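Architecture and fold: a report
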Amino acid sequence: MAFGLRGRWFRRASARVGFACLCALTPRAALADRILVEPDPRARGYVPVEELSHEVLIEPGQGFDATMRVRTALYNASSTRVDFVHLLALPQGAELVGLRTALDGVWSEDEVVESAPAGVPSRPADDAGVTTFAAFATALDTRGADLAAAKLFGWGLESGETVQVELVLRVRPTLRGSRWTLDLPRRGEQQVIHDRRGVLVRGVTGARRFWVDGRESTGKILPTRGADGATVSWTATLGRGEGLLGHAEAVPNSAAAGAGGTLRLYLQAGTQPHTAPDHISFLYDASSSVRGDLRDDALRVTRQIVSSQTTDLTVDALAFDRDIMPLMSAPVAATTLPDLRASFRRAGLADVPPRAGTNIIDALRQALERVPRSSRAPTLIVFSDGMFPRIEADPLNDLLALLRRLPHAPQIVLVVDDPLLARAGLGAAHPAFEFAAKIGARIRSIELNTLERFDMSSILSAPRVIGDIRVRASSSTAFDRPAAGLIGGTIEILEGRYTTVTPPKSISVRALSGRSRMRARVPVQTVAPRGRAFVSSASKIERLTLAESLQAPRWYRPSMEETFRAQLGRASFDTDARVGTLSQELMSMYLRRRVLPRVKACYNEALRRDGTIGGRVVVSYQIAKGEVMAAAVATTSLSAKDRSLDRCLERAAWKLEVPAGRLDTRRYDVRYPVQLSPPEGGKAPSSESELSPLVQMMLDSAEILAR
């Protein structure tokens, strides 16, 4: 073993050399994976341990989870035998479940270590003529963050020797549309970190495919750039049953920890049968927040949906922004469906900039009123980006009353097309979920330009939104948080604990889907506790001795993890995209420039009718993605009623224009109070802002992608 000079000088020098090597190779972006190794001062031309390859192999499970194998080949290019520590960023929520090592292509399985070794470091004794490489992997404590990482310790890698190491992980993919997806974190950008990462999803061949960042494969490894994050997806089948689906696991505490254990509950919206429609009303969101090519994709999908139906079908079509624009005079037979692009042109929507406003309530109301009375299975399909304004109680109750009066309850499907949501998923905090939950609608979140003809039925069979979820097991069971809600394409994962000797046999779940009640009783499966660490050796060392003796290399200090830990969240995903948001100062500037001058003009006209009128007016807005979705005069406390002034103020309110924050998926509620003061002594009328605008984020939990 060529590690001498253990004095104070060498410890300081080696730390400086190790970190200098890292810092010199650190680019401006945050690092993720990194390799730490102590150099030998007697070795010339020192090169640290480096990766020769890095592969990610994913094996889909039965649903809810999958097995991921991170396989890397490590080469010791130095002239001495070395120890090293490899720090690896993992997908969110990943659990370390195994470790394998291989020298000369012969794989050695692992042993479970109940607790990570600590104390005085040690290493296997040298054995002349026998390779003594050993590895020890343990999960890295990320201090409560929703991140995952692992430490891989290696001992006794000979000069010029290459070893393969495989970390076995349990990961939780996310169901987005018709695919399971898994986000892989960024890797480090050191020269010793391999700059390519091969990705393979095993068992997906032929009709079953997988994709990496949109690139398709049917069984071959796809290369990715290691310094970038990557999204892996593979074909999936939505719930294997109807309604509300669940899966629950219990992990008992160790004997030392006493009775009780942890619980994990997975909830999913399963398939919900739909009736083949005899009438479909298509509604197209034409407001300014919708991307330009959404309409073309929606019209293509419209044709394919109509042609996929075998029953006699009537069709209607409307476009909406602030106003509702029927695209045909009355519903027609599917066989005589007109050219809807020409209908858009006739409605004046083809060549003019999109207008503000998203009047989804009136659009649905008019579509329902136009449904033929002979229809026994009507369906309304809304194509939109999902950014709907908050619906006030009165208009919502009027719509619900209309739905109840219809002889046959219609199916309402919200098709939400937004590239951001295609990556992040549409959660219970999104405005589309809020709206769908209130009217009992179904939601399909998908990029229409990726929808193929054979997927058309997935729109009509989209699961309904499931809300008001209540989970109950026993008095000795508690979950960390309540369930937020379910929508087709998402899985809700609840973590909890039980305090009894044995876990509960089942968990009861109740929920609402529109006005329909849903129930599920989920059996609890007991899972053996997983080891906190794993050890493997490609040598003749006794396995039991190895597990008891291997510890961190003497030169390794916990402080070496701090930079890695601090940057892990920032480096876990691409950081090139920056997010912009609307600030109070920015909103105030646009209100003063676009709205306040028009409010003054309205007030001047009112003063010509009544020279004493005055008071306080509050203008309210709902804004998202650069669009004023709703604008109104919320409250007035004027000294006299003036309907002309009210109408003029509302027109002025709609003149607001705001920029869209980059990658900003939040909905903002803005209240702009203005004090209207009548003139004194024949002076010119004036109006001045009483308060600066109050900008309140309505959806603080909405996910903003900055990856």
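Structure report, in brief. (Residues numbered from 1 in each chain as written. Predicted model: local features only at pLDDT ≥ 70, side-chain atom pairs only at ≥ 80, totals over all residues. Heavy atoms only, no water.)

**Some words on the overall build of the chain**
Across its full length, the chain holds twelve helices and 38 strands. Taking the intrachain contacts of the chain between residues at least 6 apart in sequence as the baseline, contacts between residues at least 24 apart amount to 76%. Taken as a whole, the chain presents about 31,900 Å² of accessible surface, with 49% of it coming from carbon and sulfur. (Helix = DSSP H or I, 4+ residues; strand = E, 2+ residues; numbered from the N terminus. Contact = heavy atoms within 4.5 Å. Areas by Shrake-Rupley, 256 points an atom, 1.4 Å probe, with all protein chains shown as cover.)

**So, the pattern of salt bridges**
Inspection of the entire model under this criterion finds 30 salt bridges. Measuring nitrogen to oxygen at the nearest pair gives 3.0 Å for the salt bridge that ties R69 to E59. Of the two residues, R69 is situated in strand β3 (residues 65-75) and E59 in strand β2 (residues 50-63); the sequence distance between them amounts to ten residues. For E434, the salt bridge identified is with R667, shortest N-O distance 2.8 Å. Of the two residues, E434 is situated in helix α7 (residues 431-439) and R667 in the loop between α12 (643-653) and β36 (668-677); the sequence distance between them amounts to 233 residues. Residue classification places E434 among the partly exposed residues on the basis of a relative accessible area of 24%. The exposure class assigned to R667 is buried, which follows from its relative accessible area of 2%. (Salt bridge = Lys/Arg side-chain N within 4 Å of Asp/Glu carboxyl O. Buried < 20%, exposed > 50% of the residue type's maximum accessible area, 1.4 Å probe, protein only.)

**A word on the environment of P331**
Take P331: it is sitting in the loop between β23 (324-326) and β24 (332-333). Here P331 is in contact with H279, V315, D316, R370 and P372, once residues within four sequence places are set aside.

**Here's the deal with the packing of helix α11 (residues 584-609) against α12**
The packing of two helices is summarised by the inter-axis angle and the distance between the axes. The interhelical angle for the contact between α11 and α12, taken along N-to-C directions, is 170°, at an axis separation of 9 Å. Considering their axes alone, α11 and α12 lie roughly antiparallel with respect to each other. As α11 packs across α12, the resulting crossing turns out to be right-handed. The segment α11 lies against α12, with V595, R598, V599, C602, Y603, A606 and R609 engaging S644, L645, C648, L649, A652 and A653. Looking at the contact of α11 with α12 residue by residue, the classes come out as ten nonpolar, one polar and two charged. (Axes fitted to C-alpha atoms, helices over the stretch in contact; angles between N-to-C directions. Parallel < 35°, antiparallel > 145°, perpendicular 65-115°, else oblique. Left-handed = near helix turned anticlockwise from the far one by under 90°. Nonpolar A, V, L, I, M, F, W, Y, C, P; charged D, E, K, R; others polar.)

**Brief notes about helix α4 (residues 360-369)**
Within α4, the full set of buried residues consists of I360, I361, A363, L364, A367 and L368. Around the axis of α4, the buried residues are gathered within 165° of arc, so they sit on the same side. (Arc of directions from axis to C-beta.)

**A short note on α11**
Between its first and last C-alpha atoms α11 spans 35 Å; for 26 residues at 1.5 Å apiece the expected length is 38 Å, and the two agree. For α11, the principal kink sits at R592 and spans about 40°. Restricting attention to buried positions, one finds in α11 the residues M587, S588, L591, V595, L596, V599, C602, Y603, A606 and L607. (Expected span 1.5 Å × (residues − 1). Bend = angle between axes of the 7 residues up to and from the residue.)

**Digging into a positive patch on the surface**
A cluster of basic residues, R472, R510, R517, R519 and R521, forms a positive patch at the surface. Take R472: it is sitting in strand β28 (residues 467-472). (Patch = residues over 30% accessible without salt bridge, like charges linked within 9 Å, V, L, I, M, F, W, Y side chains within 5 Å. Lys, Arg positive; Asp, Glu negative; His and termini not counted. Charge placed at Lys NZ, Arg CZ, Asp CG, Glu CD.)

**Quick look at the environment of T162**
Relative to the helices and strands, T162 is located in strand β10 (residues 162-171). The class of T162 is partly exposed, set by a relative accessible area of 34%. As for T162 and V49, which are separated by 113 residues in sequence, their C-alpha atoms are 9.5 Å apart. Those residues within four positions of T162 in sequence are excluded, and the remaining contacts are L52, A73, L74, Y75 and L103.

**Focus on the nonpolar core**
Buried together is how nonpolar side chains tend to be arranged in soluble globular proteins. Core analysis: the biggest nonpolar cluster contains 50 residues, and I58, M68 and W234 have the highest contact counts within it. The leading source of residues in this core is β10, at five residues. Residues in contact with I58, not counting those within four places in the same chain, are A66, T67, M68, L182, L200, V201, R202, V232 and W234. V315, A317, M325 and F383 belong to the second-largest nonpolar core, a separate cluster that totals 33 residues. (Core = buried A, V, L, I, M, F, W, Y, C linked by side-chain atoms within 4.5 Å.)

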